[in-house]
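This is what each chain is made of:
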Amino acid sequence: EVQLVESGGGLVQPGGSLRLSCAASGFTFRDYAMSWVRQAPGKGLECISAINGGGSTYYADSVKGRFTISRDNAKNTVYLQLNSLKTEDTAMYHCAKGADPFRNYGLRTPAYNYWGQGTQVTVSS
């Protein structure tokens, strides 16, 4: 059974930092692209970052230069480092698994077909 468990969210002031983690199990992690998708209150889904099995990374313009995605295949974990946080980054952050192995989906949200429950990030003074 595929499981994705996010952690690391919380309340942070503007300009602050957080590191999100997503522990994966139930599939051959190293073979799959992974992404981080967020949903802010009243807004749609936004795929903000992705990393394929080979380590290539992708970022939405809204987070480029501030967020960094990485993965540790030995630990079956994908990370998202959030720096220079803004109030508009407030959202539920989910990690998501690519639909098929050995594929590179970039930031195409529908291609990530299994999501975790999410971790809340709130940026407020």
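Placed above this text is the structure.
No experiment lies behind these values; they were computed from the predicted model shown. (Residues numbered from 1 in each chain as written. Predicted model: local features only at pLDDT ≥ 70, side-chain atom pairs only at ≥ 80, totals over all residues. Heavy atoms only, no water.)

1. Some points on the overall build of the chain
How we decide: Each helix corresponds to a stretch of at least 4 residues labelled H or I by DSSP, and each strand to a stretch of at least 2 residues labelled E; elements are numbered beginning at the N terminus. Exposure is judged per residue with a 1.4 Å probe applied to protein chains only, and the accessible area is read against the type maximum: over 50% gives exposed, under 20% gives buried, and values in between give partly exposed. Here the open area of atoms and residues is found with the Shrake-Rupley method and a 1.4 Å probe, where only the protein chains shown may cover a residue. Positive charges come from Lys and Arg alone, negative charges from Asp and Glu alone, with His and the N- and C-terminal ends not counted. Every charge is mapped onto a representative atom, which is NZ of Lys, CZ of Arg, CG of Asp or CD of Glu.
Secondary structure summary: the chain contains 0 helices and 11 strands in total. Starting at the N terminus and walking to the C terminus, you meet the elements of the chain as β-β-β-β-β-β-β-β-β-β-β. With the C-alpha coordinates of the chain rotated into their principal frame, the extents come out at 40 × 25 × 25 Å. Within the span of the chain, comprising 125 residues, buried residues form 46% of the whole. Surface exposure of the chain reaches about 6100 Å², of which carbon and sulfur atoms provide 46%. For the chain, the distance from the average site of its 12 positive side-chain charges to the average site of its 9 negative ones is 4 Å.

2. A closer look at the environment of Ser49
Basically, it comes down to this: Pairs of residues are marked as contacts when any of their non-hydrogen atoms sit within 4.5 Å. Whenever two N or O atoms come within 3.5 Å, that pair is a polar contact, provided that in protein one can donate a hydrogen and the other can accept it, and provided that, for residues adjacent in sequence, both atoms are side-chain atoms.
Tracing the backbone shows Ser49 in strand 5 (residues 45–51). Expressed as a C-alpha distance, the spacing of Ser49 and Ser35, which sit 14 residues apart in the sequence, is 5.6 Å. Setting aside its immediate chain neighbours within four residues, Ser49 contacts Met34, Ser35, Trp36, Tyr58, Tyr59, Ile69, Leu80 and Leu107. Here Tyr58 takes part through its backbone oxygen, which lies 3.0 Å from a polar atom of the side chain of Ser49.

3. A closer look at the nonpolar core
What counts here: To define a nonpolar core, start from buried Ala, Val, Leu, Ile, Met, Phe, Trp, Tyr and Cys residues and group those joined through side-chain atoms within 4.5 Å.
Counting 28 residues, the largest nonpolar core has Phe27, Trp36, Phe67, Val78, Leu80, Leu82 and Tyr93 as the members making the most contacts within it. Elements represented by at least two residues in this core include exactly strand 3 (18–25), strand 4 (34–39), strand 5, strand 7 (67–72), strand 8 (77–82), strand 9 (91–98) and strand 11 (119–123). Here this core gets 4 residues from one element, more than from any other, and that element is strand 3. Once residues within four sequence positions are removed from consideration, Leu80 is found in contact with Leu18, Arg19, Leu20, Trp36, Ile48, Ser49, Phe67, Thr68, Ile69 and Tyr93. Among the nonpolar cores identified, the runner-up in size contains 6 residues, and Ala33, Ala50, Ala96 and Tyr112 belong to it.

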